[in-house]
Amino acid sequence: MGGLPVPAGVRAILLDIEGTTTPIAFVQETLFPYIKYNVKDYLRTHWEEEECQWDVRLLRKQALEDSSLDGAVLIPLESGSGEEELERVIQAVVDNVHWQMSLDRKTTALKQLQGHIWRTAYAAGHVKGRIFEDVVPAIRKWREAGMKVYIYSSGSIEAQKLLFGYSTEGDILELFDGHFDTTIGPKVESESYRRIAASIGCATNNILFLTDVPQEANAAEEADAYVAVVIRPGNAGLTDDEKSRYSLISSFTELFLPSST
């Protein structure tokens, strides 16, 4: 696909995860199915813990906000202490999670619970985060050249740290200067990128954002950040208009920093 010179003003590289650093197949075929098949057991095992109860409260609040949507599943309050009552509430949480996942929802409530379930999976060795082979060498090179490197993903910050902390490349968390998720704003809204720039202490035009999603690239561009769309195996195809509009790369090795151009 050819090399892409990084603009001279760029001081920070902001990375998406799914389809950018990590194969979409890993998320769709490993992480999400793990949630689907293990969420009930996780809730039963951790129900009495404050963290789990906080997750359920957030999901219940989100369910009320979603109540007008087709198929939405409300989560009742526990009205008693019986085992049957507990199972009824847990099943409602499971049904709500499955419904949100079927629509590829990216609510903070859902992502928080998913992150906590994945934490148990990574710690037990049931899951290892998959990373494209070009990612780690490229990031090391960027950092050696003085670049800051950040993650911005719809997955929770905890889920991000688990993926990179328990990855096929080992614990690579040291490669990142910070993490952002949807608590700073949706990835398809330009204001989110302005908030990120303010948080890391630079202007938006000091940032290069790498993502596989054109809508996210468009939002970052609207905020005056630089963008490149990443083409990876399994990623959604781009329209001819998108191919001509955005800078495209298929590997992080195609980025050339100002000092190496």
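Within each chain, residues carry numbers counting from 1 in the order of the written sequence. Thresholds applied to this predicted model are a pLDDT of at least 70 for local features of residues and 80 or more for the giving and counting of side-chain atom pairs; totals over whole chains, interfaces and linings are not thresholded and use all residues. Only hydrogens and water are set aside when side-chain values are computed; all heavy atoms of the structure are taken into account.

A.B. asks: Please provide a residue-by-residue account of helix H2 (residues 50–65), values included.
C.D. replies: Strands here mean DSSP runs of E at least two residues long; helices mean DSSP runs of H or I at least four residues long; both are numbered from the N terminus. The length a helix should cover is 1.5 Å for every residue beyond the first. For H2, which comprises 16 residues, the first-to-last C-alpha distance of 23 Å matches the rise-based estimate of 22 Å (1.5 Å per residue) to within 8%. When H2 is considered as a whole, its buried residues turn out to be Cys 52, Asp 55, Val 56, Leu 59, Arg 60, Gln 62 and Ala 63. The arc enclosing the buried residues of H2, seen along the axis, measures out at 165°, which places them on a common side. Opposite its buried face, H2 presents the exposed residues Glu 50, Lys 61 and Leu 64, each directed more than 90 degrees away. In this description, contact between two residues means that some pair of their heavy atoms is separated by no more than 4.5 Å. Close packing links the buried residues of H2 with helix H1 (24–46), helix H3 (83–102) and helix H4 (108–123). Under the scheme applied here, a residue whose accessible area is under 20% of the maximum for its type counts as buried, over 50% as exposed, and between as partly exposed, the area being computed with a 1.4 Å probe on protein chains only. Here the arc refers to the set of directions running from the helix axis out to each C-beta atom.

A.B. asks: Outline H4, supporting the account with residue identities and numerical values.
C.D. replies: Here H4 is 16 residues long and its end C-alpha atoms lie 22 Å apart, about the 22 Å a rise of 1.5 Å per residue gives. Within H4, 12 of the 16 residues are buried, which leaves the element mostly enclosed by the surrounding structure. Packing partners of the buried residues in H4 comprise H1, H2, H3 and helix H6 (157–165). Gly 125 sits one or two residues past H4 and shows a positive phi near 80°.

A.B. asks: Any details on the packing of aromatic side chains? Residues and values, ideally.
C.D. replies: Stacked, edge-to-face and tilted labels apply to pairs of Phe, Tyr and Trp rings (six-membered ring for Trp) whose centres lie within 6.5 Å, assigned for plane angles under 30 degrees, over 60, and everything in between, in that order. Taken as a whole and judged by the stated rule, the model has eight aromatic pairs. Aromatic pair Tyr 150 and Phe 180: ring centres 6.1 Å apart, planes at 45°, arrangement tilted. Taken together, the positions of Tyr 150 in strand S3 (residues 148–152) and Phe 180 in strand S4 (residues 178–180) put the pair 30 residues apart, joining distant regions of the chain. A single burial state applies to Tyr 150 and to Phe 180, both of which are buried. Feature note: the residues Tyr 152, Tyr 193 and Phe 209 constitute an aromatic cluster, connected by ring pairs. Directly above the ring of Phe 132 sits Arg 232, whose terminal nitrogen or CZ lies 4.1 Å from the centroid. Look at NZ for Lys and CZ for Arg. If either is within 6 Å of the ring centre and within 35 degrees of the ring normal, a charge sits over the ring. Against the face of Phe 252 rests Arg 232, its NZ or CZ located 5.1 Å from the ring centre.

A.B. asks: Summarise the side chain of Asp 66; cite the residues concerned and give the values.
C.D. replies: Inspection of the secondary structure puts Asp 66 in the loop between H2 and H3. Judged by relative accessible area, which is 4%, Asp 66 ranks as buried.

A.B. asks: Provide a residue-level description of the domain arrangement of the chain, including the pertinent values.
C.D. replies: In terms of domains, the chain is made up of domain 1 (4–22 + 129–256) and domain 2 (28–124). In this complex, domain 1 contributes 12 residues to the contact, which on the side of domain 2 involves 10 residues. Once two parts are brought into contact, the accessible area they lose, counted with a 1.4 Å probe and summed over both, makes up the buried area. A combined buried area of about 970 Å² lies between domain 1 and domain 2, and 60% of that area is made up of carbon and sulfur atoms. The three residues of domain 1 that bury the most area against domain 2 are Ser 154, Glu 158 and Leu 162, which together make up 41% of that side's buried surface. In what follows, salt bridge is the name for a side-chain nitrogen of Lys or Arg lying within 4 Å of a carboxyl oxygen of Asp or Glu. Summed over the shared surface of domain 1 and domain 2, the result is one salt bridge. Arg 119 serves as the salt-bridge partner of Glu 158, at 2.8 Å between the closest nitrogen and oxygen. Whenever a nitrogen or oxygen atom comes within 3.5 Å of another N or O atom, the pair is scored as a polar contact, on the condition that within protein one atom can donate a hydrogen and the other can accept it, and that pairs from neighbouring residues in sequence are kept only if both atoms are in side chains. In this assembly, domain 1 and domain 2 are joined by three residue pairs in polar contact (both at pLDDT 80 or more). Tallied by class, residues from the side of domain 1 that touches domain 2 come to four nonpolar, six polar and two charged. Where each domain begins and ends is defined by an automated method or by a domain database. We call Asp, Glu, Lys and Arg charged. Ala, Val, Leu, Ile, Met, Phe, Trp, Tyr, Cys and Pro are nonpolar, and the rest, Gly among them, are polar.

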